[in-house]
Amino acid sequence: MSSQQTSTKVDQPPNLQPERQAVDPSQWAVAAPCSSEQFKTRTHQNKPFARQWNHYLSSESASRTGSTLKNAFKHLKNPNMISLGGGLPLSDYFPFESLSLTISLPEKPKSEKSQPENGDLNGANAPLHASKCDINQGRSIYDLSVALNYSQGSGSAQFLRWITEHTEIVHDPLYADWQCTMTVGNTSALDMALRMFTQPGDYVLSDEYTFATAMETAKPMGVKFTGVKMDKEGMRPDSLRETLEKWDPTAHANSRKPFLLYLIPTGQNPTGSTQSLERRREIYRIAQEHDLIILEDDPYYFLQMDSFSPQERGDPTTCGPQKPSNLLKSIVPSYLSMDTDGRVVRMDSFSKVVSPGVRLGWLTAPQQVIEQYKNHADVSTQGPGGLSQLALFKLLDEHWGHTGYLEWLTHIRKEYTDRRDFMIQACERYLPRTITSWEPAQAGMFQWLAVDWRKHPDAKIKSALQIEEEIWLKGISNGALVACGSWFRATEDSSCNEVFYRATFAAASLEQIEEAVMRFGEALKTCFHLSDTVE
């Protein structure tokens, strides 16, 4: 994809109120099968089709045929059909009659005008209601009688429509046969993706430091991660190319050359780095050269921040984009948005921008991959919980719409930028600069701190890992808990010669953040025998 193509795409003003596809009312029935193709608002006929990935599908995934029982639900679209074939209980036996949600926001986004099928919202700030009879009485297309029953592995058609439209607005994939399907969050999505593509003994390429849970998800499958060197923009393309070109199976238990590339390109966990557009293009080119599938794990995508500014918090000159359209222009395009081959499997989540407890996200990938994923979901997770889907549908589809959601994202982007700035200022006040260094996080929720362990009084007789643990335990005794950098090392080895810590600015009040940074600074000074006057 050329620079000119990318610029044209990003500069186009997004249509945040797309004209929706006409949908037959039978689509909103219990456990109705659906796909993104039914809900796309733009024509994609002029785009190429994705590559086929049969050569990378695991034997487990290739053998999955889905659920015979759920496949029979397609016949329920016939309004004259009386079903005695599926175990779908009557809603009479669900002990919930209604649901009421009150939206509490510092700044309430303005609601879009509702679509005709959405009914009367009774004002933008009114409580959101759902009952068992909303569909029959024409108040909504989604209610408790559907949400509390079984659904397809792809999730409800009602909310999948919103997700499909959102994906078009934000990413507009460059190939025709892309699809979305709901997930139970990104960790579950990664677990299922690894089972789809890997076999015991395989290696997955990742950043040198990466999400610890991702590695722990892969390990019981007999799959290991191997790290690619990083800089302040995350993964280095030269190191990725070198790793691939010099791959030696005999040095890796005769493992085949890796073909999965796991990336957290925005607000990388744990380092907080964000890949620039040019960095993403370069890595994507290498993925094409070596036929890699990119697992784009991007829960922090909308938490991209302005550069750190020491100015007073709340200064209007540093608060970033104020309109949804400006937000979309200011953030770095995703790998999905530049993918011409269908080699990107993108994982999105509401965990970091709405709530972790809803356990709801979605996958975007070629139709072939999505169909295999749904076959797996139908006989395992069975999709996200109905209450979560209904609550998010009420909030995002009927209440906010696409404009309101982007206004909310603009708001929390600013909140996290302020929190990042506050933590950096606390680090400057309390951490000894003679041994501690950092680059302000560019996105996400984490600040990465480097400690020069070689200046420790016992550096000649203690290893980096021993000193890391000493500092960590002293921080705990002082009442400050951070995460050790070694927990996130992708490559298993005992020769680690670096000491890092990950601190979050998302989990505590500002006053507690300052206190915790001060306590951690005291731990560092104690371990390194530094006086309070040393900076």
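Residues numbered from 1 in each chain as written. Predicted model: local features only at pLDDT ≥ 70, side-chain atom pairs only at ≥ 80, totals over all residues. Heavy atoms only, no water.

1. Side note on the sheet that holds strand S15 (residues 499–504)
Sheet architecture is open: four strands sit in the order S12-S13-S15-S14, paired in antiparallel fashion. The sheet is open, and its two borders are formed by strand S12 (436–438) and strand S14 (483–484), each paired with just one other strand. (Pairing = 2+ DSSP bridges. Helix = DSSP H or I, 4+ residues; strand = E, 2+ residues; numbered from the N terminus.)

2. Details of the pairing of strand S3 (residues 178–183)
Within S3, six of the six residues are buried, which leaves it mostly tucked inside the rest of the structure. With burial as the criterion, each face of S3 is covered, one bearing Trp-178, Cys-180 and Met-182 and the other bearing Gln-179, Thr-181 and Thr-183. Pairing of S3 with strand S11 (residues 361–366), which is carried by six bridges, proceeds in the antiparallel orientation. Note on S11: the bridge partner recorded for Gln-179 is Ala-365. (Buried < 20%, exposed > 50% of the residue type's maximum accessible area, 1.4 Å probe, protein only.)

3. As for helix H14 (residues 464–478)
Each turn of an α-helix holds 3.6 residues, which means side chains three or four residues apart point in the same direction. With 15 residues, H14 should reach 21 Å at 1.5 Å per residue; the first-to-last C-alpha distance of 21 Å fits that figure. Those residues of H14 lying buried are Ala-464, Ile-467, Glu-468, Ile-471, Trp-472 and Gly-475. Taken end-on, H14 shows its buried residues confined to a sector of 135°, consistent with a single buried face. Lining the buried residues of H14 we find strand S13 (446–451), S14, S15 and helix H15 (510–527). A positive backbone phi angle near 95° is found at Gly-479, which sits one or two residues after H14. (Expected span 1.5 Å × (residues − 1). Arc of directions from axis to C-beta. Contact = heavy atoms within 4.5 Å.)

4. Details of helix H13 (residues 386–430)
Taking 1.5 Å of rise per residue, the 45 residues of H13 would be expected to cover 66 Å, yet its terminal C-alpha atoms sit only 47 Å apart, more than 12% below that figure. The principal kink in H13, of about 110°, is found at Trp-400. (Bend = angle between axes of the 7 residues up to and from the residue.)

5. Concerning the state of the cysteines
Counted according to the given criterion, the structure contains zero disulfides. Unpaired in this structure, Cys-180 has its nearest cysteine sulfur neighbour in Cys-34, at a distance of 11 Å. Cys-484 supplies the cysteine sulfur nearest to Cys-527, a cysteine that is in no disulfide, at a spacing of 12 Å. (Disulfide = S-S within 2.5 Å.)

6. Some remarks on a nonpolar patch on the surface
A cluster of nonpolar side chains, namely Leu-473, Ile-476 and Leu-481, defines an oily patch on the protein surface of about 300 Å² accessible area. Among the structural elements, Leu-473 can be located in helix H14. A relative accessible area of 42% places Leu-473 in the partly exposed class. (Patch = residues over 30% accessible without salt bridge, like charges linked within 9 Å, V, L, I, M, F, W, Y side chains within 5 Å. Areas by Shrake-Rupley, 256 points an atom, 1.4 Å probe, with all protein chains shown as cover. Salt bridge = Lys/Arg side-chain N within 4 Å of Asp/Glu carboxyl O.)

7. Considerations on the packing of helix H8 (residues 237–245) against helix H9 (residues 277–289)
Contact geometry of H8 with H9 gives a least axis separation of 10 Å together with a crossing angle of 10°. By the angle between their directions, the pair H8 and H9 is classed as roughly parallel. Each of Pro-237, Leu-240, Arg-241 and Leu-244 in H8 lies in contact with H9, whose residues at this interface are Arg-279, Glu-282, Ile-283, Ile-286 and Glu-289. Partitioning the contact of H8 with H9 into residue classes produces five nonpolar, no polar and four charged. (Axes fitted to C-alpha atoms, helices over the stretch in contact; angles between N-to-C directions. Parallel < 35°, antiparallel > 145°, perpendicular 65-115°, else oblique. Nonpolar A, V, L, I, M, F, W, Y, C, P; charged D, E, K, R; others polar.)

8. Observations regarding the packing of aromatic side chains
The tally for this structure, following the rule as stated, stands at 22 aromatic pairs. Between Tyr-501 and Phe-520, the ring centres sit 5.3 Å apart and the planes meet at 70°, which makes this aromatic pair edge-to-face. In this pair, Tyr-501 is assigned in strand S15 and Phe-520 in helix H15, connecting sequence segments 19 residues apart. You can call Tyr-501 buried: its relative accessible area is 0%. Looking at Arg-346, its charged tip hangs above the ring of Tyr-301, at a distance of 4.8 Å from the centre. Directly above the aromatic system of Phe-446 lies the positively charged group of Arg-502, at a separation of 3.9 Å from the ring centroid. (Phe/Tyr/Trp six-rings, centres within 6.5 Å; stacked < 30°, edge-to-face > 60°. Lys NZ or Arg CZ within 6 Å of the ring centre and 35° of its normal.)

9. Let's talk about the pairing of S15
Along any regular strand, the residues point their side chains to alternate faces of the sheet. Counted residue by residue, S15 has five buried out of six residues, so it is predominantly covered. Here six bridges tie S13 to S15, and the two strands are oriented antiparallel to one another. From the neighbouring strand, Leu-449 faces S15, where its bridge partner is Tyr-501.

10. Observations regarding the pattern of salt bridges
Per the counting criterion, the structure on display carries 35 salt bridges. Residues Asp-202 and Arg-256 are paired through a salt bridge, measuring 2.7 Å at the closest nitrogen-oxygen approach. Taken as a pair, Asp-202 in the loop between helix H6 (186–197) and strand S4 (203–207) and Arg-256 in the loop between H8 and strand S8 (260–263) lie far apart in primary sequence, 54 residues in all. The exposure class assigned to Arg-256 is partly exposed, which follows from its relative accessible area of 33%. Of the charged contacts, one joins Arg-489 and Glu-498 as a salt bridge, the two residues approaching to 4.0 Å between their closest N and O atoms. Ionic contacts of the salt-bridge type, sharing partners, join the residues Arg-51, Asp-291, Asp-341 and Arg-343 into one network.

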